[in-house]
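Observations on the three-dimensional arrangement
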Amino acid sequence: MVELQQVSKRFRGRAGEVIALAEVDLHVAPGEFVVVRGPSGSGKTTLLLALGGMLRPTGGKVLVNGVDVYALTERERARFRGENIGFVFQMFHLVPYLTVLENVALAATAGRTSTVWAAAGELLGRLGLSPRERHLPSELSAGERQRVAVSRALLNHPKLVLADEPTGNLDPDNAAEVFEGLAVFHRRGGTVVVVTHGTTADHHANRIVHLRDGRIDGGSGEKRMA
Amino acid sequence: MRTLGLIVREALYRKLSFGLGLLGVAAAVALFVFFFTAGEASRRETARLTRNMGLNLRIIPKDTDMDRFWLVGFSDRTMPEDYVHRLAAHSGLNYSHLLPTLKRRMQWRGTEVILVGTLPEMSAVDRQESPMTLAAKPGAAWLGYELARRFGVEKNDTIDLLGKTLTVAGTLPESGSEQDASIFAQLHDVQAMVKTEGAINEIQALNCVCFDTDRDALEVLREQLASALPDAKVLQIRPIADAREKQRRLVEDYLAVIIPFIVVVCAAWLGVLAMMNVRERRCEIGILRALGYGSGTVASLFLGRAAVVGIVGGALGFAVGTALALTYGPQVFKVTGQAIRPMYALLVWSVLAAPAFAGLAAVIPTMLAVTQDPAVTLRDT
Ligand SMILES: Nc1ncnc2c1ncn2[C@@H]1O[C@H](COP(=O)(O)OP(=O)(O)OP(=O)(O)O)[C@@H](O)[C@H]1O
Ligand SMILES: [Mg+2]
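Reading the values: the criteria
Residues numbered from 1 in each chain as written. Chains lettered and ligands numbered in written order. Predicted model: local features only at pLDDT ≥ 70, side-chain atom pairs only at ≥ 80, totals over all residues. Heavy atoms only, no water. Helix = DSSP H or I, 4+ residues; strand = E, 2+ residues; numbered from the N terminus. Rg over C-alpha atoms; globule rule 2.2 N^0.38 Å. Buried < 20%, exposed > 50% of the residue type's maximum accessible area, 1.4 Å probe, protein only. Contact = heavy atoms within 4.5 Å. Areas by Shrake-Rupley, 256 points an atom, 1.4 Å probe, with all protein chains shown as cover. Lys, Arg positive; Asp, Glu negative; His and termini not counted. Charge placed at Lys NZ, Arg CZ, Asp CG, Glu CD. Salt bridge = Lys/Arg side-chain N within 4 Å of Asp/Glu carboxyl O. Pairing = 2+ DSSP bridges. Expected span 1.5 Å × (residues − 1). Polar contact = N/O pair within 3.5 Å; in protein donor to acceptor, adjacent residues only side chain to side chain.

1. Things to note about the overall build of chain A
The helix and strand inventory of chain A stands at six helices and eleven strands. For 226 residues, the compact-globule formula gives about 17 Å, and the C-alpha radius of gyration of chain A, at 17 Å, lands near that figure. Dimensions of chain A, computed from C-alpha atoms along their principal axes, come out at roughly 50 × 40 × 40 Å. Of all 226 residues assigned to chain A, the portion counted as buried reaches 56%. Expressed as a percentage of contacts within chain A between residues at least 6 apart in sequence, the contacts between residues at least 24 apart total 67%. Surface exposure of chain A reaches about 9,800 Å², of which carbon and sulfur atoms provide 49%. The positive charge centre, built from 27 side chains, and the negative charge centre, built from 24, are 4 Å apart in chain A.

Here's what the structure looks like:
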């Protein structure tokens, strides 16, 4: 599903060069649930953005579903992202002036409106948000907002969902609900890569990857789950 | 969701920012519309007034005693009738509708009347003009309102005047001026009647506003007359129209200074607001990118917003500017209230030019929005 080949990312700043990713090789099989862990500044977010076609690496190749993501034009890549990848962020990043339902529907860059609304409503229902459809994000609790963001990431039936500390701002109960949402997607065959500090997601995970200083930690660095 | 839908929702959500943008556009457009509407009314009314007042220049012999002139109402000196031909033959003058005139006071049916002899107007050589005054045919006369009323004279009656019989070609409507006590006849008839063949005591003319220098109109006219007819001088009788014209010029001069200023301030205002809007929406731009929207959508979101601000602000500004012109225009431009009419052509201009202008002001902020690296904003810092 996902293939990172010798992926590097260097940031050149005024204070010198930062190596956020150092020749990372990573293979994520279709239908896998991967948890990425590591200390702050180890390159987790960088890895996820590179994976999602949002941040061009300085070296190496990113293949998603067999497509060399950064060989695409900007426009093709945007389209590819819309069709294949869903994002969930720590800060939710909901559009403040749109209702919950509209925020989810926003993920549909194309397609018939009626089917989009129906699909958005159904996803929200599954995550227990039906009564909140017409509310603005500011009227929701943090946990509810993140479930909206999960619904939005799932709307286009992506093959891959990338989540960057999706529960960083949530209490354990809400965190569990969010991971449950991702787990449902995973059980239906979806691929998930999630960066998280907590252990709430561990029992859903097939594998935990440790990052340190931009490298995958310890030999293969991968711990297979049962 | 449609881009326009997003723009409208965002505008309703960030009412203050959107409202401030509207305010900027509406204020600028209102100002333009106000001055155009009221200024156009002023121009129109001045033109009408000048025409209604009739010929506004009086060319009289240079040695006229001005005290007597104002007392009697015309010059007691004469000049050759030929002067009118000389003036007409001169090209490049700001005189038009030349009308040779001979005026005399006399007794008629026991009352004092003014006898006026005129010819059909002459045009200056280089102009085609339609006549502005009536001219009596030989043997005919027009009677002023007051005389016609007092003596019950009607069209086709005959009147005796200094031993000559004239047929009444018509009577004139009330004018509220000396014209009501005047009898108009053909110049050559009058010359014969008062025994001053070939002489006139006045050439009436119209100051054509076909020049627009900064110089005083009368000064130019005097200079021109000095070279064409050294023995004559010119008086200008248009105090109202003149004051109005001066007022309009004053406002136009003022506008010439203030318009560039308004344009720059308005552009800066819109640009800064658009910039703030882009900054405020960095995360939104990032998420749109992550969701697979391209640069085109992001750009149209911000340019479209500017266009909406422009269209709504332009329409609003037109309404406000027109209302202001109707209310305060008469004071600023010294025109009558009825002269000011809404100029709907300006509405079309407002809703076309304002969005284009607002869009231009938003170009740089939009470029920043488009080129912004979504990875930076999505890093959750
Ligand atoms: N735009 C940038 N310019 C310079 N350095 C950057 C930039 N973005 C990230 N970095 C650096 O790259 C390294 C990896 O950053 P990254 O955000 O991927 O870490 P992270 O593992 O997600 O950390 P955290 O757990 O705190 O979110 C850090 O040292 C960071 O300072
Ligand atoms: Mg991070």
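2. Here's the deal with the pattern of salt bridges
One pass over the full model with this rule turns up 24 salt bridges over all chains. One salt bridge in this structure joins A:Arg187 and A:Glu180, with 2.7 Å as the shortest N-O distance. One salt bridge in this structure joins A:Asp217 and A:Arg212, with 3.5 Å as the shortest N-O distance. On the accessibility criterion, A:Arg212 (45% relative accessible area) is partly exposed. Linked through salt bridges whose partners overlap, the residues forming this network are B:Glu10, B:Arg14, B:Glu280, B:Arg281, B:Glu284 and B:Arg305.

3. Considerations on the pairing of strand 3 (residues 33-37) of chain A
All names here are of chain A. Of all the five residues making up strand 3, five are buried; the element is thus mostly covered by neighbouring parts of the structure. With burial as the criterion, each face of strand 3 is covered, one bearing Phe33, Val35 and Arg37 and the other bearing Val34 and Val36. Pairing of strand 3 with strand 8 (residues 191-195) involves four bridges; the strand directions are parallel. Bridged to Val34 within strand 8 is Val193.

4. Considerations on helix 6 (residues 172-187) of chain A
Residues and elements named next belong to chain A. Spanning 16 residues, helix 6 covers 22 Å between terminal C-alpha atoms, matching the ideal 22 Å at 1.5 Å per step. Taken together, the buried positions of helix 6 are occupied by Asn174, Ala175, Val178, Phe179, Gly181, Leu182, Ala183, Phe185 and His186. In this structure, the buried side of helix 6 is in contact with strand 3, helix 5 (142-154), strand 7 (160-164) and strand 8. Taking the backbone nitrogen of Asp173 as reference, a side-chain oxygen 3.1 Å away marks Asp171 as the first, capping residue of helix 6. Two residues or fewer past helix 6, Gly189 is found with a positive phi of approximately 105 degrees.

Honestly, that's just the spatial picture; any functional story needs more than this.
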